[in-house]
Amino acid sequence: MPATKADWDADFLKDVLDGLGRTVKALPAKYFYDERGSKLFDRICELDEYYPTRTETAILSRHAGDIAERLDRGMTLVELGSGSSVKVRLLLDVLDEPAAYVPVDISGEHLEASAARLAADYPDLTVKPIHADYNRPFPLSVKGGPERALAFFPGSTIGNFSPDEAKAFLARLGRQLGVGGRLLIGVDLKKDKARLEAAYNDASGVTAAFNLNLLERINRELDGTFDLSSFAHRAFYNDQLGRIEMHLESLRPQTITVAGVPFRFQEGETIHTEVSHKYAVAEFADLAREAHWDLEETWTDAEDLFSVHLLTA
Ligand code: AVI
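Being a predicted model, the structure only gives us computed values, none of them experimental. The residue count restarts for each chain, going from 1 along the sequence in the order it is written. pLDDT decides what is reported in this predicted model: residues at 70 or higher carry local features, side-chain atom pairs at 80 or more are listed and counted, and totals for whole chains, interfaces and linings draw on all residues regardless. Excluding hydrogens and water, the side-chain values take into account all heavy atoms of the structure.

Asks: Which parts of the structure should I look at to understand helix α8 (residues 206-222)?
Replies: Given 3.6 residues to a turn, an α-helix orients residues that are three or four positions apart in the same direction. Helix and strand definitions follow DSSP, with helices as H or I runs of at least four residues and strands as E runs of at least two, each counted in order from the N terminus. Every helix has an expected span of 1.5 Å times one less than the residues it contains. Taking 1.5 Å of rise per residue, the 17 residues of α8 would be expected to cover 24 Å, and the 24 Å separating its terminal C-alpha atoms lies within 8% of that figure. In the structure, α8 departs most strongly from a straight axis at Leu212, where the bend amounts to approximately 30°. Of the residues flanking the end of α8, it is Asp223, one or two places downstream, whose phi is positive at about 55°. To obtain the bend at a residue, axes are fitted to the seven residues ending there and to the seven starting there, and the angle between these axes is taken.

Dropping the structure here:
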């Protein structure tokens, strides 16, 4: 994990130069989440078209008691990509004397502010934020051993990995927690294409702003020269691969530079910025099994839009 701000910037620069230098240009989606990007994502979660957040919240609210009953007293709750730490409150409200809450997030300022708010609202809870990219190993110690560890990975963020990456990530997480560790994970389900595409093409343009903010961030932090008005947000469902793809399309032929390095764009050429895979319940169960997790329970909503799974390592 990068240790200092300069190391984070060096990683960002390296990933951007590498991604824009490819034949098919692509940027890692994790860089969406600077301060502004995190706020835009919070707004996405409240959009009418973006059903995952409210559907997952409803599932968690409805089944929180059932989830808590399956867990021991004194669990340490580790949230991967904790963002604003909103949904976790549904669990903290019902868990039997949780020992600690460990929010892990790549966005430092957002993490500190959210952790401070949560600590103020749960004065008896130990809150230990970790500023880290949870895709890489980070130090984690759980009082009482693996059986007391509950990783929480909501929001279908697992969909932002390819299936192979998701499997590797889950296998690594299982090893990190140890045998008996638990995982509560939200996974967006396959559904009607129009519904999926509307969720990533909202009428008020918040998702477009979220996508374009990546270029603004490159301009600001890496001395980039992107003209934002000459790139457009594109999002569509790829049926064959079972995923939403987000791209930024160049609206004209142009050359931009990042830290002085030039990159040529054809008109219509895109930068692939995100994948968001959707899984049938059985597909996710297979993937989890291949990553050495046992599926304990799955909860869905009445429309089968979204799923929440409890797994044991
Ligand atoms: C964080 N992640 C699960 C979101 C998703 O739906 O894939 C990110 C997002 N991108 C555009 N809208 C939301």
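So much for the structure itself; the text now carries on.
Asks: Can you help me understand the nonpolar core in this one?
Replies: One recurring pattern in soluble globular proteins is that nonpolar side chains are buried together. In this structure, Leu20, Leu77, Leu184, Phe226 and Val258 are the most contacted members of the largest nonpolar core, which totals 59 residues. Both domains that furnish three or more residues to this core are identified here as domain 1 (5-31 + 204-277) and domain 2 (51-191 + 280-312). We call two residues in contact when some of their heavy atoms are within 4.5 Å. Residues in contact with Leu184, not counting those within four places in the same chain, are Leu60, Ile67, Leu91, Leu150, Ala151, Phe152, Phe153, Trp299, Val308, His309 and Leu310. Within the second largest apolar cluster, 29 residues are counted, among which are Phe153, Leu183, Ile185 and Leu311. Working definition of a nonpolar core: buried Ala, Val, Leu, Ile, Met, Phe, Trp, Tyr and Cys residues. They are joined through side-chain atoms within 4.5 Å. Only protein chains enter the accessibility calculation, which uses a 1.4 Å probe; a residue whose area is less than 20% of its type maximum is buried, one above 50% is exposed, and one in between is partly exposed. Delimitation of the domains relies on an automatic or database domain assignment.

Asks: Explain helix α2 (residues 35-44) here, please?
Replies: Buried within α2 are the following residues: Gly37, Ser38, Leu40 and Ile44. Buried residues of α2, viewed axially, fall in a sector of 160°; they line one side. For α2, the secondary structure elements touched by its buried residues are α5 (108-121) and α8. Directions pointing from the helix axis toward each C-beta atom define the arc.

Asks: What am I meant to see in the site of the ligand here?
Replies: Taken together, 14 residues are adjacent to the ligand, and Tyr50, Asn160, Tyr200, Glu274 and Ser276 come closest. As used in this structure description, the phrase polar contact means that two N or O atoms lie within 3.5 Å; if the pair is within protein, one of them must be able to donate a hydrogen and the other to accept it, and residues adjacent in sequence are counted only when both atoms belong to side chains. In this structure, Asn160 approaches the ligand through a side-chain N or O atom, which is 2.9 Å from a nitrogen atom. Residue Ser276 places a side-chain N or O atom 2.6 Å away from an oxygen atom belonging to the ligand. For the area figures, the Shrake-Rupley method with a 1.4 Å probe applies, and any residue is considered shielded solely by the protein chains shown. Contact with the protein chains hides 97% of the accessible area of the ligand, taken as 340 Å² for the molecule alone. When contributions to the shell around the ligand are tallied by element, the ones reaching two or more residues are α2, α8 and β11 (270-277). Being near a molecule or strand, for a residue, comes down to having at least one heavy atom within 4 Å of it.

Asks: When you look at the sheet that holds strand β8 (residues 243-250) in this model, what are you seeing that I'm missing?
Replies: Each strand in a sheet pairs with its neighbour through backbone hydrogen bonds, running either in the same direction (parallel) or in the opposite one (antiparallel). Strand pairing is assigned whenever DSSP detects at least two bridges linking the two strands. Spatially, β7-β8-β11 is the arrangement adopted by the three strands of the open sheet, whose pairing is antiparallel. This sheet does not close on itself; its edge strands, each paired only once, are β7 (231-238) and β11. Each adjacent strand pair in this sheet contributes to an overall mean axis angle of 20°, direction not counted. Alignment of β8 against β11, held across seven bridges, turns out to be antiparallel. Within β11, the residue paired with His247 across the bridge is His272. Only C-alpha atoms enter the line fits that serve as axes; for helices the fit covers just the stretch in contact. Angles between N-to-C directions range over 0 to 180 degrees. Relative to β8, α8 is tilted by about 60°, and along the sheet it contacts β7, β8 and β11.

Asks: I'm lost on the pattern of salt bridges in this one. Help?
Replies: Two side chains with opposite charge may pair up if their charged atoms get near one another. Take a side-chain nitrogen of Lys or Arg and a carboxyl oxygen of Asp or Glu: if they are within 4 Å of each other, that pair is a salt bridge. The final tally for this structure, using the stated rule, is 28 salt bridges. In this structure, Glu35 and Lys39 form a salt bridge, with 3.4 Å as the shortest nitrogen-oxygen distance. Separated by four residues within a single helix, Glu35 and Lys39 lie in helix α2, roughly one turn from each other. A salt bridge links Asp286 to Arg289, with the shortest nitrogen-to-oxygen separation between them at 2.9 Å. Here Asp286 pairs with Arg289, and both are found in helix α9 (residues 281-290), just three residues apart, close to one helical turn. Assessed through its relative accessible area of 51%, Arg289 is described here as exposed. Members of the salt-bridge network, linked through shared partners, are Asp66, Arg70, Arg182, Glu296 and Glu297.

Asks: Looking at this model, I keep getting lost on the confidence of the model for the protein chain. Mind explaining?
Replies: When pLDDT drops low, the exact placement of atoms in the prediction is not to be read closely. Within a predicted model, pLDDT stands for the predictor's per-residue confidence, ranging from 0 to 100. With 97% of its residues at a pLDDT of at least 70, the protein chain reaches an overall mean of 95. Both scores are available for the predicted complex, with the pTM at 0.94 and the ipTM at 0.99.

Asks: I keep staring at the domain arrangement of the protein chain and nothing clicks. Help me out?
Replies: You'll often see interface size given as the accessible area lost when the parts meet. When cut into domains, the protein chain gives domain 1 (5-31 + 204-277) and domain 2 (51-191 + 280-312). Once you take the C-alpha centre of each, domain 1 and domain 2 turn out to be 29 Å apart. Across the contact, nine residues belong to domain 1 and 12 residues belong to domain 2. Simply put, the buried area is the total loss of 1.4 Å probe accessible area from both parts when two parts are fitted together. Of the roughly 890 Å² buried at the junction of domain 1 and domain 2 (both faces included), carbon and sulfur atoms supply 49%. Across the pair Asp11 and Arg136 runs a salt bridge whose closest N-O atoms are separated by 3.1 Å. Inspection of the domain 1/domain 2 interface yields five residue pairs in polar contact (both at pLDDT 80 or more). Residue assignment for the side of domain 1 that touches domain 2 shows that the elements contributing at least two residues are α1 (5-20) and β11. The element best represented in the side of domain 1 that touches domain 2 is β11, accounting for four residues. Tallied by class, the residues present in the side of domain 1 that touches domain 2 amount to three nonpolar, three polar and three charged. Basically, the charged four are Asp, Glu, Lys and Arg, the nonpolar ten are Ala, Val, Leu, Ile, Met, Phe, Trp, Tyr, Cys and Pro, and anything else, Gly included, counts as polar.

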